[in-house]
Amino acid sequence: MADPYITLNELAQGLRPMSQGIEWFESLSTEEQSTTLRLLSHFCIQARATTEDGAESIRRAGLRATHTPAVLIARGRIDQQLGKIVSLTPHDERLKSFRLLIAVLAVADGRRRERYCSDGCSHEWHRLSVGALAETQI
């Protein structure tokens, strides 16, 4: 895939199927996965994710409320919880974390787009289109 910044935003905006995102994430080394999760966490904070976004994000990610990343996101201060989620090390927890953080970004950025960017904005990631996918396929 092309630039991870674009790929992650395409996943959050539903322009790229999550199955493709999971395949891409699993192909990364452990270090690259950690970098990707930190980048996603940063995107979530930039999109002004809130603690209230947790429940919807868990639902969208298809996680059970008892999965570790879901438990963490529901605990309170989202900036602290995102750091804990990013730090999870078992492979299956990393994959759940990836799915959850994409969903958190989707919820938070969706709200941001509605409230602040509906009449246009200068955010490059808000101008992605399905047509751009042909250029960035695996």
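Bear in mind that the values here come from a model prediction, so they are computed numbers and not experimental data. (Residues numbered from 1 in each chain as written. Predicted model: local features only at pLDDT ≥ 70, side-chain atom pairs only at ≥ 80, totals over all residues. Heavy atoms only, no water.)

Peer 1: How do you make sense of the packing of aromatic side chains when you look at a structure like this?
Peer 2: Here a ring pair, both rings aromatic, is described through the centre-centre distance and the interplanar angle of the planes. Going through the model one piece at a time under the given rule, you end up with 3 aromatic pairs. Here the aromatic rings of Trp 24 and Phe 98 are separated by 6.4 Å at their centres, their planes lie at 55°, and the arrangement is tilted. With a gap of 74 residues between them, Trp 24 in helix α2 (residues 18-27) and Phe 98 in helix α7 (residues 91-116) connect regions that are remote in the sequence. What makes Phe 98 buried here is its relative accessible area of 0%. Three or more aromatic residues joined by ring pairs make a cluster, and in this case those are Trp 24, Phe 25 and Phe 98. (Phe/Tyr/Trp six-rings, centres within 6.5 Å; stacked < 30°, edge-to-face > 60°. Helix = DSSP H or I, 4+ residues; strand = E, 2+ residues; numbered from the N terminus. Buried < 20%, exposed > 50% of the residue type's maximum accessible area, 1.4 Å probe, protein only.)

Peer 1: Explain the packing of α2 against helix α3 (residues 30-46) here, please?
Peer 2: Two numbers describe a pair of packed helices, the interaxial angle and the distance between the axes. Two numbers describe how α2 lies on α3: the axes approach to 8 Å, and their chain directions differ by 130°. Here α3 runs oblique to α2, going by the angle between their axes. Residues Trp 24, Phe 25 and Glu 26 of α2 form the contact with α3, whose participating residues are Gln 33, Thr 36 and Leu 37. Considering only residue class, the contact of α2 with α3 consists of 3 nonpolar, 2 polar and 1 charged. (Axes fitted to C-alpha atoms, helices over the stretch in contact; angles between N-to-C directions. Parallel < 35°, antiparallel > 145°, perpendicular 65-115°, else oblique. Contact = heavy atoms within 4.5 Å. Nonpolar A, V, L, I, M, F, W, Y, C, P; charged D, E, K, R; others polar.)

Peer 1: Please explain the confidence of the model for the protein as it appears in this structure.
Peer 2: Scored by pLDDT, the protein comes out at a mean of 86, with 82% of its residues at no less than 70. Every residue in residues 131-138 scores below 50 in pLDDT, and together they form 12 contacts with partners more than four places removed in sequence or on other chains. (pLDDT = per-residue confidence, 0-100.)

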